[in-house]
Amino acid sequence: MPHSTNLLSQYLFTKNPFHPLFVCTILCLSADPATGQASFSTIGDLPGGIHRSEALALSGDGSTIVGTSRSDSGSQVFRWRLSEGMVPMPLHDNQFPLIDSNAGVSYDGSSIIASSLAGYAVRWNEQTGYQTIPALPGYNGSFGIGISDDGNAAVGSAMGIPGEAFYWNSTDGVTGLGSLRDPHESSVSLGISGNGQVAVGWSYSTVPGLEAFRWTQNEGMVGLGDLPGGHTRSYAHAASYDGSVIVGQGHEAAGFRAFIWSQESGMTPIGDPGLGSIATDVSADGKVVVGTADQFGAFVWTQTMGMRSIASILADDYGLDLQGWSLDRGIAISADGSTIIGDARKPTGEREVFIATIPVPSPGSFVCLALGGVICTRRYRAIPSYTHATHSNEC
């Protein structure tokens, strides 16, 4: 499983040209998930080239996936919806494809932040098309990485040596976030809260190494520290709707480990040590975390349940047949915590984006999820699929 070093290296590469063909192939392994039911499906890929699609972002309402796929012309960024299938993103300025490294999507899927081969971060809206986000003064370009729920605020990194994290909104334009250690040291913003008020990422630290940060207009950039016992290597990847909860990856004596941070508790590791884990996204209320662990691939975590393999939950708790798919990476989660996307792989080599719907522990209307005991979970909405074979655990 690639860790943050691999994620960060993605910013440095320019990918292959855009090709305006698409295909939507849906493999559905369970039904339209009603209350208490889990589902799993994959979304296919673009025609031609290597059979491959990869997830980048999920809208807050769970309806829209942004990702990359391979065609005869190379890698292309796509937007997927159940009603539309996999549709390649249009060219920026009618000539530049989007770089298939990082992207963010608004709550309803109508706005996307990404990076153009023209060298700039761009915001795309389904009504107004592309808007170029200018580079910070003194920099020669920018990458777009995260976007707020309403699509009116975004974050990313200015390209340069060093690079600098930026925050943009539709009112004030682009703002450089600086660095924890020195104005001339690198920083990157990897995520933004749903309300658009909090940016998170990493920066060179006042101690040797890289440190996760939280930024607001009032407080500026504040370091979050790191897990004890290791080198200073912490990265903040995502935040809850109001920015009060942050998730990412830190470094301790046993290696890299996923963390959850809050003002009250500080940085707390999640999952067992030594798993080589990373938390990549969190629900709007900060209670459900998704990510990847070297030992078992895509995971979901809650305070009640702890960290569990998504494949194990789907197969063991709900009896779903994953038909040979290995769930390698957990990438993003919907605002309500019920829908998760990531990257799946078959032994024969096919790679596709997966969608999993899992009822998560929460008070409310209850159904039972067997985890050696009984955990009751709330009823949530989910992306519908195409069959009527459902699996649930009833109380």
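Quick note: structure is the one above.
The shown structure was predicted, so the numbers you read here are calculated from the model rather than taken from an experiment.

About the criteria used
Residues numbered from 1 in each chain as written. Predicted model: local features only at pLDDT ≥ 70, side-chain atom pairs only at ≥ 80, totals over all residues. Heavy atoms only, no water. Helix = DSSP H or I, 4+ residues; strand = E, 2+ residues; numbered from the N terminus. Buried < 20%, exposed > 50% of the residue type's maximum accessible area, 1.4 Å probe, protein only. Areas by Shrake-Rupley, 256 points an atom, 1.4 Å probe, with all protein chains shown as cover. Pairing = 2+ DSSP bridges. Axes fitted to C-alpha atoms, helices over the stretch in contact; angles between N-to-C directions. Lys, Arg positive; Asp, Glu negative; His and termini not counted. Salt bridge = Lys/Arg side-chain N within 4 Å of Asp/Glu carboxyl O. Polar contact = N/O pair within 3.5 Å; in protein donor to acceptor, adjacent residues only side chain to side chain. Phe/Tyr/Trp six-rings, centres within 6.5 Å; stacked < 30°, edge-to-face > 60°. Core = buried A, V, L, I, M, F, W, Y, C linked by side-chain atoms within 4.5 Å.

J.: Explanation requested: the overall build of the protein chain in the structure shown.
T.: Along the protein chain, the regular secondary structure elements total two helices and 33 strands. Counting across all 395 residues of the protein chain, residues that qualify as buried make up 59%. Accessible area for the protein chain stands at about 15100 Å²; split by element, carbon and sulfur atoms hold 48% of it.

J.: Help me out: how do you make sense of the sheet that holds strand β13 (residues 164-169) in this one?
T.: The strands making up a sheet are joined through hydrogen bonds of the backbone, oriented either antiparallel or parallel. Across the sheet, which stays open at both edges, the four strands sit in the order β11-β12-β13-β14 with antiparallel pairing between neighbours. Looking at the sheet topology across the chains shown, the edges are occupied by β11 (142-147) and β14 (173-176). Strand-to-strand twist in this sheet, taken as the mean axis angle between neighbours without regard to direction, amounts to 30 degrees. For strand β12 (residues 153-158) and β13, the ladder comprises six bridges, and the chain directions are antiparallel. If you follow Ala158 over to β13, its bridge partner there is Glu164.

J.: Would you mind showing me how to read the side chain of Asp45 here?
T.: Structurally, Asp45 can be placed in the loop between β2 (37-42) and β3 (53-58). No salt bridge forms around the buried Asp45; measuring N to O, its nearest opposite-charge neighbour Arg70 is 9.0 Å away. A polar atom in the side chain of Asp45 sits 3.3 Å from the backbone nitrogen of Arg52.

J.: Honestly, the packing of aromatic side chains in this entry has me stumped. Any pointers?
T.: For any two aromatic rings, the description comes down to two numbers: the centre-to-centre distance and the angle of the planes. Enumeration according to the criterion identifies four aromatic pairs in this entry. Taking the centre distance of 6.1 Å and the plane angle of 70 degrees together, the rings of Trp202 and Tyr204 count as edge-to-face. Trp202 sits in the buried class, given a relative accessible area of 8%. Through pairs of rings, three or more aromatic residues link up here, namely Trp202, Tyr204 and Tyr235.

J.: Which parts of the structure should I look at to understand the nonpolar core?
T.: Grouped together as the largest cluster of nonpolar side chains are 21 residues, with contacts concentrated most on Phe40, Ile310, Leu314, Leu327 and Phe354. Those elements that place two or more of their residues in this core are β2, β26 (297-302), α2 (310-317), β28 (326-333), β29 (339-345) and β30 (351-357). The dominant element in this core, judged by the number of residues it contributes, is α2, at three residues. Membership of the second largest hydrophobic core comes to 14 residues, among which are Val247, Ile260, Ala293 and Phe299.

J.: Got a minute to help me understand the pairing of strand β16 (residues 199-204) in this structure?
T.: The buried fraction of β16 is high, at five of six residues. Here five bridges tie strand β15 (residues 187-192) to β16, and the two strands are oriented antiparallel to one another. In the strand pairing of β16, Val188 is matched with Trp202. Here β15 folds back onto β16 in antiparallel fashion, the turn holding six residues, of which Gly196 has a positive phi close to 80 degrees. Relative to strand β17 (residues 209-216), β16 is paired through six bridges, and the arrangement is antiparallel. Bridging across to β17, Val200 finds its partner in Arg214. Linking β16 to β17, which pair antiparallel, is a turn of four residues.

J.: Explanation requested: the pairing of strand β20 (residues 235-239) in the structure shown.
T.: With five of five residues buried, β20 lies mostly within the body of the structure. As paired elements, β20 and strand β21 (residues 245-252) share four bridges and run antiparallel to each other. Its bridge partner lying in β21, Ala236 is registered against Gly248. The loop that links β20 with its antiparallel partner β21 comprises five residues; one of these, Gly243, has a positive phi angle of about 80 degrees.

J.: So what exactly am I meant to see when it comes to the sheet that holds strand β8 (residues 111-115) here?
T.: In spatial order, the strands read β7-β8-β9-β10; together these four strands make up an open sheet with antiparallel pairing. The sheet terminates laterally at β7 (104-105) and β10 (129-133), the two strands that pair on one side only.

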